[in-house]
Amino acid sequence: MVERRWFLPIVLVIIGIFSLGLALYFLYSPGHFGSLSLTGNETTQNIDIRLSGPTKKIAVFLVTGDGGSLTTLEKEIPSDLTLIEQVKAVIQNLISKPPEGLMTPIPDGTRLQSLFIDSSGNAYLDFSREIQQSHIGGLTAELLTVGSIVNTLLFNFKEIKGVQLLVEGSEIETLAGHIDCTKPFSQMLMLENKT
Amino acid sequence: MVYTRLKLGIVLILLLGFVPSSQANTLELVFEDGRSRNTLYTLSEGGVEYIPLNQVVQAFNLSRNWDSLNGMILLSYRGRTASITPDQPIAIVERRSYSFKNSPKYIEGILMIPLDYVINILPLLYDKEMSWDSSRRVLRIGSSRIEIASLQHAVYTDYTRIVIQTNKSIAYKVVEKLPALLILDLPEASFILPNNPLQVGSNVVKTVKVINSYGTTQVLINLGEQFASYNHFALNDPPRIVIDVYSTPGGGNTARKEEKPPLVGESLNPLDILPKARTPTTVRAVIIDPGHGGRDNGIALGPDLWEKDITLTVAQKLSESIRRRLGVRVILTRNANENLSPVERTTLANSTKADLFISLHVNNSFSPNTRGFEVYTLDAPGTSDNTNPEALLVKASALDHAQETYLDKSERLANYIVTAYNEETKSKDARSKRAPLLVLKGAIMPAVQIEMGYFSNPVDKEKITQEDFQKLIVKVITDGIINFKRYLEQVSLN
Ligand SMILES: [Zn+2]
């Protein structure tokens, strides 16, 4: 035991240097998805979003081609935007045409009209009427639509604590007759089955 | 146990044979409370150490489910969940995301979990402290964290009793901020309490609130106008702290009174203007809700056929079947092409004093592959703690937590119907699931929503309009209700 003590300071110095390196790495590496490898792993260019400056990686929840469940797709958005602008960019990515093999559960023609984040971190997203009128209906489809929006925002932004959907500026009871949309969703949506 | 270990060992040896440049190792799991020691077999590949998921599930006593919405594996421990997605270094624990270094992955068909998931993510799920000693290769799982299990109260003529139940005995001290407040100082504890703050509203105690404050946990007892004195003591089996607050002076000096069991379910929020919660002992009346109606068509099933039409047809047949086979009263929320909001449907169900609620729908998805008969109960995630209390009060309506009391019974009803379907069709096509469904949220009775089949699936689509299939659905739902009624009657006898 005694003869081991001499190298303790050396170990501490090594740990110190290592931690400093690690801290610097995390401070200066773009985004916090460092080693993320998500399904598809594709970065789709978007007309509305300029991608010349520094970017950050985000993940959007889209519908899988086969299983009718959600999966994440990695995208990039400019990192020098305000939170509001970032959320808008993320929703834009969610609405835009996904790559082969994936589907967006947001109906065609849907626009994000405005966005507001209150002091408790609840994000209110005001969508155009298409999100409701052009929806194919049905519980699972509704859950996939609401889940893709809610999960995408709660997953990517620690600052966002809740997500509420509005249509044409008004609160809604449900999007398609089933899912409770009367309050902000504070947790990601999941559907648990016994295996 | 020995056999399982042997089996895992063999599997790992085989894996080693197949996967080049991989390396086997072991690590010790030591449960500090002295209960057990466990050896886990690990496999290193590309500098990353992995443990087979099966071993992790077994060693930590977790249960494994499938999240069909997000396509993830869910590990759960005492109602908390953490996700695993192959090839993604992201876990969702209690519905928030956390990243870790290396992705779980399949190696030779076996799902392997990286060691850093076990070290960094499992402690978020598990209720115990963990520490990893990499030189000795020992993962120590500490003694349980302190947990406040429940907060209850009972109002008697001359005093109000507050009972704080914990998972183990703990030291506490009472700080007086008289005449308004008593503070119970506890070591830092975790708590998920559905009734926090607890609205007592007696003449001596207004509210009780549990909060975390700078590394300690405090129970704040807001005193009422008639407060005169208090007394406190700790009891075991189960471990709990009892505080009696008196409207007469010297309450703290009188001999300790016999502890009466706290009146559970009496702590209704004053906002709850609902009819008093009832415990059904049998089934006397059933309310059936044909989904959609009026302007709300539901899914377009054909040129002139909507979800709202099918749900009404089946509801009418079901109503007839229940009346005939159970001899009980059946009410429909609508008997024509009427417009009703989800909340109006629930209100209707509550006001008719029915004993169970069944909402009928046709399902739909974006993919033709998903199919089957599904029975949903309410997914009631706790209210967010981010909203400030005032805002929460304004937002909270009487209906928000109504169904929570009945969730156990609702799930039982769902399982009876699912079982009846699978037995009748000799298949596994029926499942029970949970979703945040508005129509179920406010129901003060066991309540389920039935999705009869997927319109987006060609097989289900074909069946849904057929007389035979509708007959089958009606039969299995009635069978399920009969079994549920039998269960209620048995429980009330014991
Ligand atoms: Zn429906």
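Counting starts from 1 at the beginning of each chain's written sequence and moves along it residue by residue. To read the labels, note that chains go from A and ligands from 1, taken in the order they are written. Owing to the predicted nature of the model, reporting of local features is limited to residues with pLDDT of at least 70; listing and counting of side-chain atom pairs is limited to 80 or more, with chain, interface and lining totals taken over all residues. Values reported for side chains reflect all heavy atoms of the structure, with hydrogen atoms and water molecules removed beforehand.

Caption draft 1: Here's a closer look at the overall build of chain A. Scanning chain A from N- to C-terminus turns up 4 helices and 8 strands. Counted from the first residue to the last, chain A has its helices and strands arranged as α-β-β-α-β-β-β-α-α-β-β-β. A simple rule labels every residue: compare its accessible area, found with a 1.4 Å probe on the protein chains alone, to the largest value its type can have, and call it buried under 20%, exposed over 50%, or partly exposed in between. Every one of the 195 residues in chain A was classed for burial, and the buried ones make up 51%. Long-range pairs, those at least 24 residues apart, make up 62% of the contacts in chain A with a sequence separation of at least 6. Per the convention used, a helix needs a DSSP run of H or I reaching at least four residues, while a strand needs a run of E reaching at least two, with both numbered from the N terminus. Residue contacts are counted whenever heavy atoms from the two residues lie within 4.5 Å of one another.

Caption draft 2: Quick look at unusual backbone geometry. Residues and elements named next belong to chain B. Geometrically, the link from Leu178 to Pro179 is a cis peptide bond, its omega value of 5 degrees lying close to zero. You can see Pro179 is positioned in the loop between β15 (173-177) and β16 (181-187). Phi at Asp87 is positive, roughly 65 degrees, even though this residue is not glycine. Structurally, Asp87 is set in the loop between β6 (80-84) and β7 (90-93). Judged by its relative accessible area of 44%, Asp87 falls in the partly exposed class.

Caption draft 3: Broad picture of the environment of Ser229 of chain B. All names here are of chain B. Its location among the elements puts Ser229 in strand β21 (residues 229-235). For the pair formed by Ser229 and Tyr246, sequence separation is 17 residues and the distance between their alpha carbons is 5.2 Å. Counted as a polar contact is a pair of N or O atoms within 3.5 Å, where, for protein atoms, one must be capable of donating a hydrogen and the other of accepting one, and residues adjacent in sequence contribute only when both atoms are in side chains. At 2.8 Å, the side chain of Ser229 forms a polar contact with the backbone oxygen of Thr248.

Caption draft 4: Focus on the packing of aromatic side chains. When two rings of Phe, Tyr or Trp (its six-membered ring) have centres within 6.5 Å they constitute a pair, described as stacked for plane angles under 30 degrees, edge-to-face for angles over 60, and tilted for the intermediate range. Overall, the coordinates contain 8 aromatic pairs over all chains when judged by the stated rule. When the centroid spacing of 6.4 Å and the interplanar angle of 50 degrees are considered together, the rings of Tyr416 of chain B and Tyr487 of chain B count as tilted. One end of the pair, Tyr416 of chain B, is in helix α8 (residues 407-425); the other, Tyr487 of chain B, is in helix α11 (residues 467-493), with 71 residues separating them in the sequence. Assessed through its relative accessible area of 22%, Tyr416 of chain B is described here as partly exposed. Members of the aromatic cluster, each reached through a chain of ring pairs, are Tyr156, Tyr159 and Tyr246 of chain B. The ring of Tyr98 of chain B has Lys158 of chain A lying over it, and the distance from NZ or CZ to the ring centre is 5.9 Å. A positively charged side chain is recorded as over a ring if its NZ (Lys) or CZ (Arg) lies within 6 Å of the ring centre. The angle to the ring normal must also be within 35 degrees.

Caption draft 5: The arrangement of the coordination of the zinc ion in detail. Around the zinc ion, the protein supplies His178 of chain A (NE2), His292 of chain B (NE2), Glu307 of chain B (OE) and His361 of chain B (ND1) as donor atoms, at distances of 2.1 to 2.2 Å. Because the angles between the 4 donor atoms bound to the zinc ion fall within 95 to 159 degrees, the donor set is best described as irregular. Taken as a pair, His292 of chain B in the loop between β23 (285-290) and β24 (300-302) and Glu307 of chain B in helix α5 (residues 307-326) lie far apart in primary sequence, 15 residues in all. For the pair shown, His292 of chain B and Glu307 of chain B are each scored as buried. Coordination partners: N, O, S within 2.8 Å of the metal, 3.2 Å for Na, K and Ca; water not considered, so apparent gaps in a site are possible. Here the metal geometry follows the donor angles, with tetrahedral for four donors whose angles all fall between 85 and 135 degrees, square planar for four and octahedral for six when opposite donors are more than 155 degrees apart and every other angle is between 65 and 115, and irregular for all the rest.

Caption draft 6: Representation of the environment of Val476 of chain B in the model. Residue and element names in this part refer to chain B. Turning to its location among the elements, Val476 is positioned in helix α11. Look at Val476 and you get buried, because its relative accessible area is 0%. Taking the C-alpha atoms as reference points, Val476 and Val418, 58 residues apart in sequence, are found 8.1 Å from one another. In contact with Val476, other than residues within four places in its own chain, are Phe373, Ile417, Ala420, Tyr421 and Glu424.

Caption draft 7: Looking closely at the environment of Arg137 of chain B. All names here are of chain B. The residue Arg137 is located in the loop between β11 (128-133) and β12 (138-144) in this model. Measuring from C-alpha to C-alpha, the distance between Arg137 and Asn25 comes to 9.7 Å, with 112 residues separating the pair along the chain. Excluding anything up to four places from it in sequence, Arg137 contacts Asn25, Thr26, Leu27, Glu28, Thr42, Glu49 and Trp132.

Caption draft 8: Molecular detail of the sheet that holds strand β1 (residues 55-64) of chain A. Residue and element names in this part refer to chain A. In this analysis, strands are considered paired if DSSP registers two or more bridges between them. The 3 strands lie next to each other as β2-β1-β3, forming an open sheet whose pairing is antiparallel. Here the strands that pair on one side only, and so sit at the sheet edges, are β2 (70-78) and β3 (102-103). Every angle, taken between N-to-C directions, lies between 0 and 180 degrees, and every axis is a line fitted to C-alpha atoms, over only the stretch in contact when it is a helix. Packing of helix α4 (residues 139-156) onto the sheet brings it into contact with β1 and β2, and relative to β1 it is tilted by some 160 degrees.

Caption draft 9: Representation of the pattern of salt bridges within the structure. Residue and element names in this part refer to chain B. Take a side-chain nitrogen of Lys or Arg and a carboxyl oxygen of Asp or Glu: if they are within 4 Å of each other, that pair is a salt bridge. Taken as a whole and judged by the stated rule, the model has 19 salt bridges over all chains. For Glu489, the salt bridge goes to Lys485, with nearest N and O atoms at 3.2 Å. You can see Glu489 and its partner Lys485 sitting in helix α11, 4 residues apart, about one turn around the helix. Among the charged side chains, a salt-bridge network with shared partners connects Arg325, Glu424, Lys475 and Asp479.

Caption draft 10: The arrangement of the interface of chain A and chain B in detail. Listed by partner, the interface residues are 60 residues for chain A and 61 residues for chain B. Once two parts are put together, the accessible area they lose, assessed with a 1.4 Å probe and summed over both, is termed the buried area. Of the roughly 4900 Å² buried at the junction of chain A and chain B (both faces included), carbon and sulfur atoms supply 52%. Applying the counting criterion to the chain A and chain B interface returns 1 salt bridge. A salt bridge links Asp180 of chain A to Lys441 of chain B; its shortest N-O distance comes to 2.9 Å. Summed over the shared surface of chain A and chain B, the result is 20 residue pairs in polar contact (both at pLDDT 80 or more). Elements represented by at least two residues in the side of chain A that touches chain B include exactly β1, β2, α4 and β8 (192-194) of chain A. Take the side of chain A that touches chain B: its biggest share by element is 9 residues, from α4 of chain A.

Caption draft 11: Examining α8 of chain B more closely. Residue and element names in this part refer to chain B. A rise of 1.5 Å per residue sets the reference length of α8, with its 19 residues, at 27 Å; its end C-alpha atoms lie 27 Å apart and thus fit the reference within 8%. Here α8 has its buried residues at Leu407, Lys409, Ser410, Leu413, Ala414, Ile417, Val418, Ala420, Tyr421 and Asn422. Of the surrounding elements, those touching the buried residues of α8 are β27 (356-363), β28 (373-378), β29 (430-435), β30 (447-454), α10 (458-464) and α11. An expected span of 1.5 Å times one less than the residue number is assigned to each helix.

Caption draft 12: Local environment of the pairing of strand β3 (residues 48-52) of chain B. Residue and element names in this part refer to chain B. Among the 5 residues that make up β3, 5 are buried, leaving the element largely enclosed by the rest of the structure. Bridge count for strand β2 (residues 37-45) against β3 is 3 bridges, and the pairing is antiparallel. Bridge pairing in β3 links Leu43 to Tyr50. Connecting the antiparallel pair β2 and β3 is a turn made up of 2 residues, with Gly46 showing a positive phi of about 60 degrees. Sheet topology places β3 next to strand β10 (residues 110-114); 3 bridges connect them, and they run antiparallel. Following the sheet pairing, Pro52 is matched in β10 by Met112.

Caption draft 13: Seen up close, the sheet that holds strand β5 (residues 122-127) of chain A. Residue and element names in this part refer to chain A. Taken in spatial order, the 4 strands of this open sheet run β4-β5-β6-β7, and their pairing is mixed. Each edge of the sheet is formed by a strand with only one pairing partner; in this case those strands are β4 (112-117) and β7 (170-171). Two elements, β4 and β5, share 5 bridges in a ladder whose sense is antiparallel. Its bridge partner lying in β5, Leu112 is registered against Phe127. Against the sheet, helix α2 (residues 83-95) engages β4 and β5, with an angle of about 140 degrees to β4. Sheet strands in contact with α4 are β5 and β6 (162-167), and its direction is about 140 degrees off that of β6.

Everything listed here is a matter of geometry and, on its own, says nothing about what the molecule does.
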